[in-house]
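Topology and contacts: notes
Residue strings, one per chain:
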Amino acid sequence: MQANKIRSFLREQIKTSAISRNIHTDTSTIELTKDEKFGDLTSNCAMVWAKSVGKNPIQLAQELIQEWKNLSEYFSEVTIAGAGFINFKLDLEQWSLMMESILSDHFSFKINDPSTSELSSYHLEFVSANPTGPLNVVSARAAVIGDVLANILKTLNHQVHCEFYVNDAGNQVKLLGISVLERWKELQGLPFQIPDDGYHGSYVIEVAKTLSSRISSDTTIDQIAEWAVQEIVKEQKQTIEKYRTHFDRWFFESELRRNRKEIEVLEWLQQNNYIYESEGALYLKTTITGLDEKDRVVVTSNGTPTYFLPDIAYHLDKYRRGFRYAINFLGPDHHGVIGRMSAAMKLLNVPDDFLQIRLIQQVNLIRNGEIVKMSKRSGEIVTLQDLLNELGDNDAAVDVTRFFFLQRKVSTPLDFDLTLAKKQTEENPAYYVQYAHARICSILRQPELESYLGSQWTKTSINELQEPETKRVLRKLLEYPFVLERCGQALDPNGLATYLMELAAVFHKFYTHHRVIGQAPKVTLARVKLIQAVKKILAHGLSLCRITIPERM
RNA sequence: GCGCCAAUAGCUCAACAGGACAGAGCACAAGCCUUCUAAGCUUGGGGUUGGGGGUUCGAGUCCCUCUUGGCGCGCCA
């Protein structure tokens, strides 16, 4: 939209000036100002360059303004302020064009400026919980983050593929099989004994019940394990879909193994001398990359591959499928993976920036003021389904938790207070945003406004939108594409939730200060168009978050 | 012991690859509905951004150090 166009124009000017001063890596930024008194857009380039050019920032800023052409085409005022900020006040015409672009039918935030964004294909892996139990609340956080980030990246015109990696091979799955078998014995009234490191949760009993007709005394553990995984994954899929998160593919480790992909990788690594043997086990020389602190075992001395080997094969497979970036969201207890996996990718000649591992910090569940310790093995779990049940298991419950998780940065641990969350369904921040949308719909339903709804935006309407509370709304609208771009770059959708709160806030303030109905026709028209624009952006943002967009509340 | 992540108002969190006076919500106090939804708005109190150094025009943000909390450090996944 218009905001991108304006920024590209400025960026070009700054770039030209940078090159003529021999500045090749320019770290200056163009930002929206925090306060209207500084204009609308601001650049810090004069301050950033001052040192290497050997001039004081203010003097440099004056030179730059002289140098730049056609500023008046976009800006009504360009000033130097503070330590050397160059501030740009947008011309009314530009505000009008912005409104026009938002209100137009084929309105889009897609960024068409190749200098600001290379279009890429992203592989997003998130949640990837083990298929040995139901999804818990930590998975819920990952699900929302990954899902909304995917939506944002798509809006920015990137190709996005979301994947859930199912670790359905190895020891843990065998343990699951044993645990199910023992529970089955229990159901048959036979003596049973679940191993200490087995799975003790009550869901195992449910799985055993479901499978009871298929199990007999000569069924193998592997078979039971396979069936159990199927049941649990089915359950996980249902829950996650209910939670409005969709994966393009559920990738099974067993599939990789059936095609002997991990052996293929191992052989390649051996041929290239990256593997050595010690005490009967095979080690990968991850340390030679400088990215890992010690070499890692890939095949144990009894001949079975560790989880690491298929993991390498999986990430290589992502690369071979042609993605430009693989973003991998992991739980905080996996941070050890970063070093070894980056090292493995390097050994396989995959570009350094291909794999980007992000940690999602943990979720502490608090109930009645106490932390609920969760562990699949001990059986004390609060599942995602439990959580939804506690909150009422309806659309509102999903809205609440999705928005709650989106409000926090992924890099910080968070406390989820169950008792509070239940109460907050009445006074939740998500409602604040939704309420703004419902309020606008309510205004637009008024019969007096019917004749205005379909009218075209006219350039002069912008003159009617100059009160402080109204101008603040316009400034917020201008910010939206900046917000999306920032979220995409940071690989964190957190900023979107914050933005929606702010947009709702400026609207609510506008609402209490100004009335749409009963004004001079040109004023009513301008305000109708304004709230239509706000409605459009709110709906767009909420749909990226996959939160209900209510017409009435 | 080594490593990773964090610490911002009474509580939960913001602050956009260092930027202009650190902002919201909840809670607390006082107000605003005979006119478009009061799930809203207005006003107020509340902070040495865990402590201490440093880097620079400028630090919550970067570096060092200390304190506190969480998590890792297996031929488990």
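Above this text is the structure in question.
Report follows, based on the coordinates. (Residues numbered from 1 in each chain as written. Chains lettered and ligands numbered in written order. Predicted model: local features only at pLDDT ≥ 70, side-chain atom pairs only at ≥ 80, totals over all residues. Heavy atoms only, no water.)

1. Considerations on the packing of helix α6 (residues 137–155) against helix α21 (residues 521–545)
Relative orientation of the contacting elements α6 and α21 amounts to 130°, with a least axis distance of 8 Å. On the basis of their axis angle, the class for α6 and α21 is oblique. Here Val148, Asn151, Ile152 and Thr155 of α6 lie close against α21, whose contacting residues are His540, Ser543, Leu544 and Cys545. In terms of residue class, the contact of α6 with α21 is built from four nonpolar, four polar and no charged. (Axes fitted to C-alpha atoms, helices over the stretch in contact; angles between N-to-C directions. Helix = DSSP H or I, 4+ residues; strand = E, 2+ residues; numbered from the N terminus. Parallel < 35°, antiparallel > 145°, perpendicular 65-115°, else oblique. Contact = heavy atoms within 4.5 Å. Nonpolar A, V, L, I, M, F, W, Y, C, P; charged D, E, K, R; others polar.)

2. A few points about the nonpolar core
By size, the foremost hydrophobic cluster in this structure holds 141 residues, and its most contacted members are Phe75, Met99, Leu124, Val127, Phe405, Leu477 and Leu496. Counting residues per element, this core draws most heavily on α21, which supplies twelve residues. Ignoring anything within four residues of it in the chain, the contact list for Phe75 reads Ile6, Phe9, Leu10, Leu41, Phe88, Lys89, Leu90 and Asp91. In terms of nonpolar packing, the next biggest core, distinct from the first, is built from 30 residues, Val298, Val299, Leu330 and Met341 among them. (Core = buried A, V, L, I, M, F, W, Y, C linked by side-chain atoms within 4.5 Å. Buried < 20%, exposed > 50% of the residue type's maximum accessible area, 1.4 Å probe, protein only.)

3. Focus on the packing of helix α7 (residues 171–187) against helix α8 (residues 203–211)
Between α7 and α8, whose axes approach to 8 Å, the crossing angle comes to 70°. When the axis of α7 is compared with that of α8, the two are roughly perpendicular. Side by side, α7 and α8 meet where Ser179, Val180, Arg183, Trp184 and Leu187 of the first sit next to Val204, Ile205, Val207, Ala208, Lys209 and Leu211 of the second. Classifying every residue of the contact of α7 with α8 by side-chain character gives eight nonpolar, one polar and two charged.

4. So, α8
All of the buried residues along α8 are Tyr203, Val204, Val207, Ala208 and Leu211. One face of α8 carries all of its buried residues, which in axial projection span an arc of 145°. Those residues of α8 that are buried are in contact with α7 and α9 (221–242). (Arc of directions from axis to C-beta.)

5. What about the sheet that holds strand β8 (residues 275–278)?
As summarised here, the arrangement of the three strands in space is β8-β9-β10, forming an open sheet in which the pairing is antiparallel. Among the strands making up the open sheet, the edge pair consists of β8 and β10 (296–299). Pairwise comparison of adjacent strand axes, ignoring direction, gives a mean angle of 45° for this sheet. Where β8 and strand β9 (residues 281–284) come together, four bridges link them in antiparallel fashion. Considered in β9, the bridge of Glu277 is made with Leu282. (Pairing = 2+ DSSP bridges.)

6. Comments concerning the packing of aromatic side chains
Each pair of aromatic rings is reported with the distance of its centres and the angle of its planes. One pass over the structure, following the stated rule, counts 21 aromatic pairs. Between Phe164 and Trp250 the ring centres are 4.1 Å apart and the planes differ by 15°, which places this aromatic pair in the stacked class. Here Phe164, found in strand β6 (residues 159–166), pairs with Trp250, found in strand β7 (residues 249–252); they are 86 residues apart in sequence, far enough to count as distant. Accessibility expressed as a relative area gives 0% for Phe164, which makes it buried. By way of ring pairs, the aromatic residues Phe9, Trp68, Tyr74, Phe75 and Phe88 are connected into one cluster. When the ring centre of Tyr243 is taken as origin, the NZ or CZ atom of Arg402, which lies over that ring, is 5.9 Å away. In this arrangement the basic side chain of Arg408 is found over the ring face of Phe404, its NZ or CZ atom lying 4.0 Å from the centre. (Phe/Tyr/Trp six-rings, centres within 6.5 Å; stacked < 30°, edge-to-face > 60°. Lys NZ or Arg CZ within 6 Å of the ring centre and 35° of its normal.)

7. So, the protein's contact with RNA strand B
As a structural note, the neighbourhood of RNA strand B is formed by 65 residues, with Lys34, Arg408, Tyr435, Ser442 and Arg486 the closest of them. Of all atoms in RNA strand B that approach within 4 Å of the protein, 60% are sugar or phosphate atoms. Within the side chain of Lys34, an N or O atom sits 2.3 Å from a phosphate oxygen of RNA strand B. No other element matches the seven residues that helix α17 (residues 429–444) contributes to the surface near RNA strand B. (Near = heavy atom within 4 Å. Polar contact = N/O pair within 3.5 Å; in protein donor to acceptor, adjacent residues only side chain to side chain.)

8. Brief notes about α9
Across its 22 residues, α9 extends 31 Å between first and last C-alpha, which sits within 8% of the 32 Å expected from 1.5 Å per residue. Restricting attention to buried positions, one finds in α9 the residues Ile224, Ala225, Trp227, Ala228, Val229, Glu231, Ile232, Val233, Gln236, Thr239 and Ile240. For α9, the secondary structure elements touched by its buried residues are α6, β6, α7, α8, β7 and α14 (384–391). Once α9 finishes, Arg244 follows within two positions and takes phi at roughly 65°, a positive value. (Expected span 1.5 Å × (residues − 1).)

9. Considering the side chain of His315
Note on placement: His315 falls in helix α12 (residues 308–320). Other than its neighbours up to four places away in sequence, His315 contacts Glu125, Asn328, Met341, Met345, Phe354 and Leu355.

10. Overview of the layout of surface pockets
Of the voids in this model, the second largest pocket is the one considered here, and its volume is about 1,000 Å³. Together, 37 residues line the second largest pocket, and Thr29, Ile30, Glu31, Leu32 and Thr42 are the ones closest to its centre. For the lining of the second largest pocket, the secondary structure elements donating two or more residues are α1 (2–20), β1 (30–32), β2 (41–43), β4 (85–90) and α19 (468–490). In terms of residue count, α19 provides more of the lining of the second largest pocket than any other element does, nine residues in total. (1 Å grid on protein atoms, 1.4 Å probe; cavity = no way out; pocket = protein on both sides within 12 Å on 5 of 7 lines; lining within 4 Å. Points joined across faces, edges and corners; volume = space filled by probe spheres on them.)

11. Considering the pattern of salt bridges
Scanning the entire structure with this criterion turns up 29 salt bridges. Of the charged contacts, one joins Glu255 and Arg249 as a salt bridge, the two residues approaching to 3.3 Å between their closest N and O atoms. Since its relative accessible area comes to 29%, Glu255 is described here as partly exposed. Residue classification places Arg249 among the partly exposed positions, given a relative accessible area of 26%. Arg257 is the partner of Glu253 in a salt bridge, and the nearest nitrogen-oxygen pair spans 2.9 Å. Of this pair, Glu253 and Arg257 are both found in helix α10 (residues 253–258), four residues apart, which corresponds to roughly one turn of the helix. Judged by its relative accessible area of 2%, Glu253 falls in the buried class. Residues participating in the shared-partner salt-bridge network are Arg21, Lys55, Glu63 and Glu67. (Salt bridge = Lys/Arg side-chain N within 4 Å of Asp/Glu carboxyl O.)

12. Observations concerning the environment of Leu496
With respect to the element layout, Leu496 can be found in helix α20 (residues 494–513). When its relative accessible area of 0% is taken as the criterion, Leu496 is described as buried. Spatially, the C-alpha atom of Leu496 lies 8.9 Å from that of Leu544, the residues being 48 residues apart in sequence.

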